[in-house]
Amino acid sequence: MNSQGPFRGFVLFGEQHIMIVLGAMSGTSTDGIDVAALEFNAAGVPLQCLAHLSFPFESNLRDLLLRLQEVPGTYNAGEDPFALMLEARRQLTDAYRSALLALMTQCGLTVAQVAAVGVHGQTLRHRPDRQYTYQMFDPARLAVQIACPVVADFRSADVALGGQGAPLVPPFHAAWISQRARAGAVGVLNLGGFSNLTAIDGDGKVQGGGDCGPASVLMDYWARTRFNRDFDHSGEIASEGAVAKPLLALLKQHPYFARPWPKSTGRDDFTSAWLEQCLQAYPVLSAEDVMSTLLQLTVDSVVDCTKGFSLSSLFVCGGGANNIELMRRLGLGISPCRVASFEELGLAPEAVEAAAFAWLACRRLLRLASNCSVVTGSSRELSLGGLYLP
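Residues numbered from 1 in each chain as written. Predicted model: local features only at pLDDT ≥ 70, side-chain atom pairs only at ≥ 80, totals over all residues. Heavy atoms only, no water.

**Here's the deal with the overall build of the protein**
Definition in use: Working definition: helices are DSSP H or I runs of at least four residues, strands are E runs of at least two. Numbering for both runs from the N terminus. The reference for a compact globule is 2.2 Å times residues^0.38; the radius of gyration itself is calculated from the C-alpha atoms. Each residue's exposure class comes from its accessible area (1.4 Å probe, protein chains only) as a fraction of the maximum for that residue type: buried when under 20%, exposed when over 50%, partly exposed otherwise. Residue contacts are counted whenever heavy atoms from the two residues lie within 4.5 Å of one another. Note that accessible areas follow from Shrake-Rupley with a 1.4 Å probe, and for residues the cover is restricted to the protein chains shown. Only four residue types enter the charge count, namely Lys and Arg as positive and Asp and Glu as negative; His and the chain termini do not. The location of each charge is read from NZ of Lys, CZ of Arg, CG of Asp or CD of Glu.
What the protein contains, in helices and strands, is 13 helices and 15 strands. Its C-alpha atoms give the protein a radius of gyration of 20 Å, near enough to 21 Å, the size a compact globule of 390 residues would have. By principal-axis analysis of the C-alpha atoms, the protein measures approximately 65 × 55 × 40 Å. Within the span of the protein, comprising 390 residues, buried residues form 57% of the whole. Sequence separation of at least 24 residues holds for 68% of the intrachain contacts in the protein that already meet a minimum separation of 6. Accessible area for the protein stands at about 15600 Å²; split by element, carbon and sulfur atoms hold 51% of it. Across the protein, 30 positive and 36 negative side-chain charges occur, with their mean positions spaced 5 Å apart.

Written out as structure tokens, the structure reads:
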């Protein structure tokens, strides 16, 4: 391999110039960092995923991130919230570094072979209605530590153009699927802390999409506080309960569900305090029934969002793809549309979002537009992310 082009990661492999870009993502589920290494051709087309890795957060860092994400944040007496956030940013950045170095070792890559790293960071606040969004991360620190260009802060420019700043992954979904066999219009559903949908037409173009509502975020909170578990991994708790229809109806009264796309959401909208307030009206429900109801809320919000599209298949990615009960109910709710894992398209479900941020970073290096106005509502499309050089 010989280095070519403006970035050392552009290499000549056989007769084709390829770029190797790493992507890293930590979502609102706050379980850890997903990283992926992708190859792109000179036009920025994603060719293949070389490897991916999931890197769980250490418990102390996870607890700190969850505290900072609470709305309002939870602090102990005498704590300086700003100092606490900066300490969390340093620890988070170092965790990203460890995950990325482990990925490069797994791939047998040297830093000199990597064009750049695209990093999402940890969302602490997301209020596009107030024209701000904040993903905590220190890109300058990472760039210096790993001696590699870093692309970060992907959402701000879209918000500055009047967009939601999220979801940013639909154009990547379309780019990946367009290289693989498909029949008719298909959808991609990401089930992380929140759910988002991408609808892709038969020509491989994004028809629409957006955030549907909470996915694991409320269920994870319930698992932590009532079952002393980090999450209901395969949905076994939910499967032991029954859907409480009056509670489900109350939860669906949240104003987010009535708003049309483009829209996006996060912990700012669906807080634990809101859930606890709703539950006060139903004090005799079992904890299992509540979990079952929260899972059904996720399913119903997704099904409602798919009604505007005639999808032949729905490919699911994110941690929720491992929730057996969630996938079972989703299949029933969206029938006759086929529900399948994103694995069918050659990419592990847990690697899709990290791969998307590798794609976004590649687009930034090539100065190609990467947001999708039909999804975010931005006034125009542009190349997202700030570039930090070591």
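**Digging into empty space enclosed by the protein**
Inclusion rule: Put plainly, a pocket is an open set of points on a 1 Å grid over the protein atoms alone with protein on both sides within 12 Å along at least five of seven lines, a cavity is a set where a 1.4 Å probe fits but cannot get out, and a lining residue has an atom within 4 Å of a point. Grid points are joined across faces, edges and corners, and a volume is the space filled by probe spheres set on the points. Just so you know the grouping, Ala, Val, Leu, Ile, Met, Phe, Trp, Tyr, Cys and Pro go in nonpolar, Asp, Glu, Lys and Arg go in charged, and all remaining residues, Gly too, go in polar.
Within the structure shown, the criterion is met by one cavity of 30 Å³ or more. Of the volumes computed, that of the largest cavity is approximately 110 Å³. Gln69, Glu70, Val71, Val217, Leu218, Tyr221, Arg224, Arg267, Phe270, Thr271 and Ser272 together form the lining of the largest cavity. When residues of the lining of the largest cavity are assigned to their parent elements, the largest contribution, four residues, is made by helix H6 (residues 216–227). In terms of residue class, the lining of the largest cavity is made up of five nonpolar, three polar and three charged.

**A short note on the layout of surface pockets**
Empty space among the atoms can be located by rolling a probe the size of a water molecule over them. The space that makes up the second largest pocket amounts to roughly 340 Å³. Counting residues per element, the ones that place at least two in the lining of the second largest pocket are helix H5 (170–177) and helix H12 (352–365). Among the elements that take part in the lining of the second largest pocket, H5 stands out by supplying three residues, more than any other. Of the residues in the lining of the second largest pocket, the class split is eleven nonpolar, six polar and three charged.

**What to know about the packing of helix H2 (residues 81–107) against helix H3 (residues 139–146)**
Rules: In this description, a line fitted to the C-alpha atoms serves as the axis of each element, helices being fitted only across the stretch in contact, and the angle between N-to-C directions of two axes falls anywhere from 0 to 180 degrees. Here is the rule for handedness: rotate from the far helix to the near one, and if that takes an anticlockwise turn smaller than a right angle the crossing is left-handed, while a clockwise turn gives right-handed.
Where H2 contacts H3, the axes come no closer than 10 Å and their chain directions differ by 40 degrees. Here H2 and H3 pass one another in a crossing that is right-handed. Facing Arg90, Thr93, Asp94, Arg97, Leu100 and Leu101 of H2, the residues of H3 in contact are Arg141, Leu142, Gln145 and Ile146. Looking at the contact of H2 with H3, its residues break down into four nonpolar, two polar and four charged.

**Quick look at H12**
Which entries qualify depends on this criterion: What a helix should span is 1.5 Å times the count of its residues minus one.
Helix length check: H12 (14 residues) gives 20 Å between terminal C-alpha atoms against 20 Å at 1.5 Å per residue, within 8%. Within H12, 13 of the 14 residues are buried, which leaves the element mostly enclosed by the surrounding structure. Positioned one or two residues after H12, Arg367 has a phi angle of 60 degrees, which is positive.

**Focus: the side chain of Lys263**
Rules: Counted as a polar contact is a pair of N or O atoms within 3.5 Å, where, for protein atoms, one must be capable of donating a hydrogen and the other of accepting one, and residues adjacent in sequence contribute only when both atoms are in side chains.
Relative to the helices and strands, Lys263 is located in the loop between helix H8 (245–251) and helix H9 (272–279). Side-chain polar atoms of Lys263 contact the backbone oxygen of Tyr256, separated by 2.7 Å. From its side chain, Lys263 meets the backbone oxygen of Arg259 in a polar contact 2.8 Å long. Contact partners of Lys263, with chain neighbours within four places excluded, come to Gln164, Ala166, Gly210, Asp211, Tyr256 and Phe257.

**A look at the nonpolar core**
Operational definition: Buried Ala, Val, Leu, Ile, Met, Phe, Trp, Tyr and Cys residues form a nonpolar core when they are joined through side-chain atoms within 4.5 Å.
Residues Leu38, Phe172, Phe342 and Leu347 are the most contacted members of the largest nonpolar core, which totals 46 residues. Here the element with the most residues in this core is H12; it accounts for eleven residues. Not counting chain neighbours up to four residues away, the residues in contact with Phe342 comprise Trp176, Val188, Phe315, Val316, Cys317, Leu347, Pro349 and Val352.

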